Amino acid sequence: MKRLNKKLMNLGGGLLFWFVILLLFSGCSNSQKQEKGSASEPFPPFVETKIEHAIGFDIIYHDQWKELLLFRHYNDFTDTIKYALHFNGANVPDNIDNSHRIQIPVERVASMSTTHLGMFSFLNAEEVLKAIEVKKYVSSENIKKGVEAGEIAELSPAGEINLEVAVATNLDVVLGVGYPNSPNDAYQNLENLGIPVLLNADWQEKTLLGRAEWVKLLAALLNKEELANQAFRELEIRYNDVSKRLEIAEDKSPSVITGLAQGDVWYVAGGNSFSYYLLDLAGVKYPWARDESTGSVRLSFETVYEEGLKADYWLVPSVAKTLEEIRDADPRYADFKAYKSRQIFNIYGRFNEGGGNDFYESAVMNPDIVLKDIGKIFHPELFPEHNLYYYNQLK
Amino acid sequence: MIFILVGLLLVLFVADLVLGSVNIPIGEALKILFASSHENEAWFAIIHKIRLPRSLTAILVGGALSVAGLQMQTLFRNPLAGPSVLGITAGASLGVAAVMLVTGSATTAFAIKEMGLGGSWLIVIASSLGAAAVLLIILLISFKIRDNVVMLIVGLMMANITIAVVSIWQFFSSPEQIQEYILWTFGSLGGTTSEQLSVLSVIVLLGIFLTFLLSKPLNTLLLGEAYAQSMGLNVLRSRVTIIGVTSILAGAVTGFCGPIGFIGIAVPHLVRSFLNTSDHKILIPSCVLMGAVLMLLCDIISQVPGSNSVLPINAITALIGSPVVIWVIVKRRNLKASF
């Protein structure tokens, strides 16, 4: 019903618009009966971008519109969601749902995940960010100031999307987050109100560059593919440089454990998880490398304890920020080799009191720095000039 | 009977130490246990630092909850009573949730916060305080109301209130924040450090000792309050003491190990069925032993020996224990005689 109303309103608005046009140029009469503009005016040709690393989306360029495909790999089934990005007045095939049509270039964007925020500055487009999920998780000073100045709205300060704020912010598109438990009802409500929601699933990418490449999705929305192509190419070069430096270190493989126990259970990174992928970039020996799971693996305390006694490194012990915290949580951790040699690292190099962590924000667009951090941890001799940025050694 | 239980307890205790995720050959494990010599440093640490504290915790928890359950069933003369019905467990949960709340910032005043680490003592204290707070209210009410059935209903309602408050907090919290709390509710025997274990053992042993002193009033209460009064028993004082001891036992266990269900209700039934007596001088020590045996058995199963994983202890106690209780009760059919 809401959607129908919205359609009628669009129709009404369109007719009124053309009525005014008719009054102004009272010459041409009955050729303007199409609902939304005419195809006669030429649209500038698209600069195309190619998706090479990311598995979660693709863009197909048509004559007058871009076809954005979002792939869901995270449920039991794979699924594709289709969106049409088009200039005002372009011809878009009828089979694309109205709520999945996005007029470009978008000017007012909301982002529901901190992992998108670095992309706006990467494309020199911070001014189009008009709403975020909640300020307390944000690390960027500019964005925080924007919220304080009232230029950027908070969509869900209380945990649920405030629809009234979303409408009042006059958004063109919402960069949502697609995950198995995503708040689909709230997103549906936004779409019913005429605000398209992109269910981004950048978290399901398997590589650092794959995660960063989601910037090209934003570029397509902003029609900034040219800039994105060039900046991303430079990023790839920086990343590959670090990657090459790491190749020399292949000969030795330090052993490592991950995570922290919660009672009797210890969740460690699975063999196909992103966390292990990061470790693997540095060439480490990991007891659960052959495991198949993409998330974390439930193990008993003593299983990990046995490995912990001899592992050289210990990465990301949950939320622990100091060695003392680890010891207080359970004195048995002090038996670990990595505890005795102080080789414990977490991802709290840059975090704020509200609970935000820049590792989940600007790091997405700085895969080269993340890789350098990992290289520095396991092979410090290769990166003498680098100081840990996103990672942090526990003291 | 007692001797069988003691024997079972010893066998299961050793079995619990020998079996686990990490495969330690039985000979080697026994050598580590009984001779102080050892070859493998890691195995020595695993048995002494992980399995021993956990098995001892299991014994203490099993004993404490069973005795607490026995007292509740006798006091309320109701076979469905247990340490959780008075809202003691729920009160402990409220305390834990409250700690997670206080560590949050002002903007998230209604959310359960991730606590970070080092909160293990904090959790213990909070849950004991939560249990004590609920207990205090129930005690105050018990001064006014003399009817035990009414008390039982009041306890159940108190539990509902605290659960409602916790669920409001959960509603306003993000999934990651709730996770820590949810994990706590699964129960855990392995999280107790040696320091905590010594505190727990002092509280539990004291509680069981006090219960033993209460066995005469408990026996008298079984005959009905009016009768007990005519026998010269100070019913009010007995009731206050029984509730006090129970909540100390249940509160401490819940604080250290999370809410562990089933044992408190089931063990007294098992013991009564097997022993065919309602004399607390026999029931109390039997409950301690039977509770410890059952808890050890559940711990061994929850460790899934040979696999790398573990199962939540709270699920195992109910999953393994409930059919046993059903079987015993159906077979013996002497439940009514005890109340």
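Enquirer: Run through the overall build of chain A, naming residues and quoting values.
Expert: Secondary structure summary: chain A contains 13 helices and 16 strands in total. Taking all 395 residues of chain A together, 51% fall into the buried category. The long-range fraction of contacts in chain A, counting pairs at least 24 apart against all pairs at least 6 apart in sequence, stands at 61%. With the model as given, the accessible surface of chain A reaches about 19000 Å², and the carbon-plus-sulfur share is 51%.

Enquirer: Before we move on, could you go through the pattern of salt bridges and cite the residues and values that matter?
Expert: Applying the stated rule across the entire model yields 15 salt bridges over all chains. Glu141(A) is the partner of Lys144(A) in a salt bridge, and the nearest nitrogen-oxygen pair spans 3.7 Å. Of this pair, Lys144(A) and Glu141(A) both sit in helix 3 (residues 141-148), separated by three residues, roughly a single helical turn. The exposure class of Lys144(A) is buried, given its relative accessible area of 17%. One salt-bridge network, held together by shared partners, links Asp16(B), Arg54(B) and Asp299(B).

Enquirer: Which residues make up the interface of chain B and chain A, and what values do they have?
Expert: Contact residues are listed per partner, giving 33 residues for chain B and 28 residues for chain A. When chain B packs against chain A, the two sides together hide about 2500 Å² of surface, and 54% of this comes from carbon and sulfur. If you look at where chain B meets chain A, you find two salt bridges. Here Arg51(B) makes a salt bridge to Glu302(A), at a shortest N to O gap of 2.4 Å. At the boundary of chain B and chain A, one finds twelve residue pairs in polar contact (both at pLDDT 80 or more). Residue assignment for the side of chain B that touches chain A shows that the elements contributing at least two residues are helix 3 (41-76) and helix 7 (175-185) of chain B. No other element matches the eight residues that helix 3 of chain B contributes to the side of chain B that touches chain A. When grouped by side-chain class, the residues that make up the side of chain B that touches chain A number 13 nonpolar, 15 polar and five charged.

Enquirer: Quick one: what's the story with the confidence of the model for chain B, residue by residue and with numbers?
Expert: All names here are of chain B. Overall, the predicted model of chain B reaches an average pLDDT of 81, with 89% of residues at or above 70. By mean pLDDT, helix 7 is the weakest element of chain B at 73, and helix 13 (residues 280-302) is the strongest at 93. Every residue in residues 104-119 is under pLDDT 50, and counting partners more than four places away or in other chains gives 48 contacts. ipTM for the predicted complex: 0.73, alongside a pTM of 0.77.

About the thresholds
- Residues numbered from 1 in each chain as written.
- Chains lettered and ligands numbered in written order.
- Predicted model: local features only at pLDDT ≥ 70, side-chain atom pairs only at ≥ 80, totals over all residues.
- Heavy atoms only, no water.
- Helix = DSSP H or I, 4+ residues; strand = E, 2+ residues; numbered from the N terminus.
- Buried < 20%, exposed > 50% of the residue type's maximum accessible area, 1.4 Å probe, protein only.
- Contact = heavy atoms within 4.5 Å.
- Areas by Shrake-Rupley, 256 points an atom, 1.4 Å probe, with all protein chains shown as cover.
- Salt bridge = Lys/Arg side-chain N within 4 Å of Asp/Glu carboxyl O.
- Buried area = accessible area lost by both parts, 1.4 Å probe.
- Polar contact = N/O pair within 3.5 Å; in protein donor to acceptor, adjacent residues only side chain to side chain.
- Nonpolar A, V, L, I, M, F, W, Y, C, P; charged D, E, K, R; others polar.
- pLDDT = per-residue confidence, 0-100.

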